[in-house]
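Below are the chains, spelled out letter by letter.
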Amino acid sequence: MQLTPFKLERYFARYEFNVKYLLCSSDCESLSVGDLLAFEPDAEEGLRRHWLGYTESTGAPSLRQEICRIYAGIQPEQVLVHSGAEEAIFLFMHAVLQPGDHVIVHWPCYQSLFEIARSIGCEVTYWEARLQNEWAPDLDELKHSLRPNTRAIIINTPHNPTGYLMPQADYRAVNALAQERGIILFSDEVYRELEYDPANQLPPACDINPGAVSLGVMSKAYGLAGLRIGWIATHNAPVYARMAALKDYTTICSSAPSEYLAELALRQRGQVAGRNLQIIQDNLSLLDAFFTNHADRFEWVRPKAGPIAFPLLSGEDIERFCHQLVTRLGVLLLPGTMYGHPGNHFRLGFARKNMPQALAQLEQYLNPSTKAGGTS
Ligand SMILES: Cc1ncc(COP(=O)(O)O)c(C=O)c1O
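My aim in this report is to walk through the structure given alongside it, one point at a time. Predicted model, so just to flag it, every value in this text is computed and none were measured.

Criteria and cut-off values
Position numbers for residues count from 1 along each chain, tracking the sequence in the order it is written. Residues qualify for local features only when their pLDDT is at least 70, as the model is predicted, and side-chain atom pairs are given and counted only at 80 or more; totals for whole chains, interfaces and linings, by contrast, use all residues. As a rule here, side-chain values come from all non-hydrogen atoms in the structure, and water together with hydrogens is ignored. Residue burial is assigned from relative accessible area. The probe radius is 1.4 Å, only protein chains are included, and a residue is buried under 20% of its type maximum, exposed over 50%, and partly exposed in between. Helix and strand definitions follow DSSP, with helices as H or I runs of at least four residues and strands as E runs of at least two, each counted in order from the N terminus. For two strands to be treated as a pair, DSSP must find no fewer than two bridges joining them. For helices, the axis comes from a line fit to the C-alpha atoms of the stretch in contact; other axes are also lines fit to C-alpha atoms, and the angle between any two N-to-C directions lies between 0 and 180 degrees. It is the rotation of the near helix from the far one that decides the hand of a crossing: anticlockwise by less than a right angle makes it left-handed, clockwise makes it right-handed. Two residues form a contact once any of their heavy atoms are found within 4.5 Å. Each residue receives one of three labels: charged for Asp, Glu, Lys and Arg, nonpolar for Ala, Val, Leu, Ile, Met, Phe, Trp, Tyr, Cys and Pro, and polar for the others, Gly being one of them. Nearness is judged by heavy atoms alone; a residue qualifies as near a molecule or strand once a single heavy atom is within 4 Å of it. Counted as a polar contact is a pair of N or O atoms within 3.5 Å, where, for protein atoms, one must be capable of donating a hydrogen and the other of accepting one, and residues adjacent in sequence contribute only when both atoms are in side chains. The pocket and cavity definitions rest on a 1 Å grid over protein atoms only: a 1.4 Å probe that fits but cannot leave marks a cavity, an open set with protein on both sides within 12 Å along at least five of seven lines marks a pocket, and residues lining either have an atom within 4 Å of a point. More than half of a molecule's atoms within 2 Å of the grid points is what it takes for that molecule to sit in a cavity or pocket. Grid points are joined across faces, edges and corners, and a volume is the space filled by probe spheres set on the points. Each reported salt bridge corresponds to a side-chain nitrogen of Lys or Arg within 4 Å of a carboxyl oxygen of Asp or Glu.

Here's the deal with the pairing of strand 14 (residues 346-349)
Okay, so step 1: Where burial is concerned, the two faces of strand 14 agree: the one with F346 and L348 and the one with R347 and G349 are both buried.
Okay, so step 2: Here 2 bridges tie strand 10 (residues 308-309) to strand 14, and the two strands are oriented antiparallel to one another. Note on strand 14: the bridge partner recorded for A309 is L348.
Okay, so step 3: As defined by bridge partners, strand 13 (residues 334-335) adjoins strand 14 across 2 bridges and the pair is classed as antiparallel. Each bridged residue has a counterpart across the sheet, and for L334 the counterpart in strand 14 is R347.

Rendered as structure tokens:
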């Protein structure tokens, strides 16, 4: 297995904990342990009493029961808990793929969604999201990419980095296509529940496609990345069994206190995700004004879901721009080149409470005569 360095994670490792403003985070505003425990009167006492032995390898039964409530027809034995979404991606690919298999990946994307397949020796085709189509990947292109040895299709909607939310009809067509051809659909749904219009929320793939694997996590919509709890939900029993067997060689089981806190947060998920969606909506109205004022410098496709977008910068190299911004004003943006994307894009994150201050700094950088504090 030859894994190349994870560009985006290396970039974050360099800056994340020593800059003042993270204006490209893909997770939502987090909570303290105390904030989370305050949701329920007995929660603190429950945590004190919580046993610190190994937990069940598939995930604590009560946590899996709570996760099932996200889905329409999933039972606890169809949920496999992991240490973050990242472990689930790694195990899925190793459970399902062989050297020489063909994999189609919605792209640009979180690097592990294609890199692990490539490291196994698979042929990878990018199903490309393009700015000129407002980041919609083309269904005909997907059909034309299929090969006799296509083993998996990997999608991510709501999408990192563009904020694209697939329309219902397209999503159902992708699921139907995979099902007809006996191809496993791996559906990264880590930004689900952050749709700006709830009517646009897609059903989890595992609820409409018996072969599909849905990926969920505490990190993104719920803002609880430090718990390192993710999961897959699937009716595909052979894939589940192979992933569960591999987990004995990675983490065996998840952290017991994290499982306890994840279960608590999921019982309150309406409130936890709702608070984050409100932060996003408030920040988006500032971004609308910002991009209207700077239409000469940026092209911005307003996302339909999630905490991130992928604007295009004109007139200056994106890596240089991001470097100057972080070194002069301590504001971190993520150049699109970290996705291996050749365009002059950057990832913008807007689910943090201090986004208005970060945006004011960006405004000042663009227009030094502006007093920091205003965003127009
Ligand atoms: C689309 C997507 N999938 C998976 C992950 C991995 O999530 P985690 O860090 O919680 O393991 C990320 C993290 O940024 C992501 O954006």
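What follows continues from the structure just given.
Let's talk about the packing of helix 5 (residues 84-96) against helix 6 (residues 112-120)
Okay, so step 1: Where helix 5 meets helix 6, the axes come as close as 9 Å, and the angle between the chain directions of the two elements is 35 degrees. Crossing of helix 5 over helix 6 shows right-handed handedness. Across from E86, I89, F90, M93 and H94 in helix 5, the residues of helix 6 making contact are S112, L113, I116, A117 and I120.
Okay, so step 2: Looking at the contact of helix 5 with helix 6 residue by residue, the class counts come to 7 nonpolar, 2 polar and 1 charged.

Points about the site of the ligand
Okay, so step 1: What surrounds the ligand is a group of 15 residues, the closest being N160, D188, Y191, S219 and K220.
Okay, so step 2: In this structure, S26 approaches the ligand through a side-chain N or O atom, which is 3.5 Å from an oxygen atom.
Okay, so step 3: One of the backbone nitrogen or oxygen atoms of A85 is found 2.9 Å away from an oxygen atom of the ligand.
Okay, so step 4: Its atoms largely coinciding with the cavity grid, the ligand occupies the largest pocket.
Okay, so step 5: The biggest single contributor to the shell around the ligand is helix 5, with 4 residues.

A word on the layout of surface pockets
It is a probe the size of a water molecule, rolled over the atoms, that shows where empty space is left.
Okay, so step 1: When its volume is computed, the largest pocket comes out at roughly 550 Å³.
Okay, so step 2: Lining the largest pocket are 26 residues, and of these E9, S26, Y110, S219 and K220 sit closest to its centre.
Okay, so step 3: Of all the elements in the fold, those that place two or more residues in the lining of the largest pocket are helix 1 (7-15), helix 5 and strand 7 (213-217).
Okay, so step 4: Split by residue class, the lining of the largest pocket holds 12 nonpolar, 5 polar and 9 charged.

Observations regarding the pattern of salt bridges
Okay, so step 1: Enumeration over the complete set of coordinates arrives at 14 salt bridges.
Okay, so step 2: Across the pair E56 and R64 runs a salt bridge, and its minimum N-O distance is 3.1 Å.
Okay, so step 3: Put simply, E141 and R130 hold a salt bridge, and the shortest N to O gap is 2.8 Å. Here E141 is found in helix 7 (residues 139-145), whereas its partner R130 is found in the loop between strand 4 (123-128) and helix 7, with 11 residues between them in sequence.
Okay, so step 4: Because the salt bridges share partners, they merge into one network encompassing E40, E263 and R267.

Topic: unusual backbone geometry
Only a minority of non-glycine residues have a phi that is not negative, and only a minority of peptide bonds are not trans.
Okay, so step 1: A cis amide bond links W107 to the next residue, P108, at an omega of 5 degrees.
Okay, so step 2: Within the secondary structure, P108 sits in the loop between strand 3 (102-107) and helix 6.
Okay, so step 3: In this model, N160 is joined to P161 through a cis peptide bond whose omega is 15 degrees.
Okay, so step 4: Assignment of secondary structure puts P161 in the loop between strand 5 (150-156) and helix 8 (168-181).
Okay, so step 5: Phi at W135 is positive, roughly 70 degrees, even though this residue is not glycine.
Okay, so step 6: Relative to the assigned elements, W135 resides in the loop between strand 4 and helix 7.
Okay, so step 7: Residue classification places W135 among the buried positions, given a relative accessible area of 2%.
Okay, so step 8: Phi angles above zero are rare outside glycine, and I252 is one such case at about 65 degrees.
Okay, so step 9: Tracing the backbone through its elements, the reader meets I252 in the loop between helix 10 (237-247) and helix 11 (256-267).

Regarding the sheet that holds strand 10
Okay, so step 1: Sheet architecture is open: 3 strands sit in the order 10-14-13, paired in antiparallel fashion. The open sheet has two edge strands with one neighbour each: strand 10 and strand 13.

Here's the deal with the sheet that holds strand 3
Okay, so step 1: Pairing within the open sheet is mixed, and its 7 strands lie in the order 2-8-7-6-5-3-4. Each having just a single partner strand, strand 2 (79-82) and strand 4 make up the two edges of the open sheet. Going from strand to strand, the sheet's axes swing by 20 degrees on average, the running direction of each strand aside.
Okay, so step 2: Its contacts with the sheet place helix 4 (residues 61-68) against strand 2 and strand 8 (230-234), and it is angled at close to 115 degrees to strand 2.
Okay, so step 3: Its contacts with the sheet place helix 8 against strand 4, strand 5 and strand 6 (184-188), and it is angled at close to 145 degrees to strand 6.

Some points on the side chain of E263
Okay, so step 1: By secondary structure assignment, the location of E263 is in helix 11.
Okay, so step 2: Looking at E263, its side chain comes within polar contact range of the side chain of S62, at 2.7 Å.
Okay, so step 3: In this structure E263 touches S62, L63 and E66, once residues within four positions along its chain are discounted.

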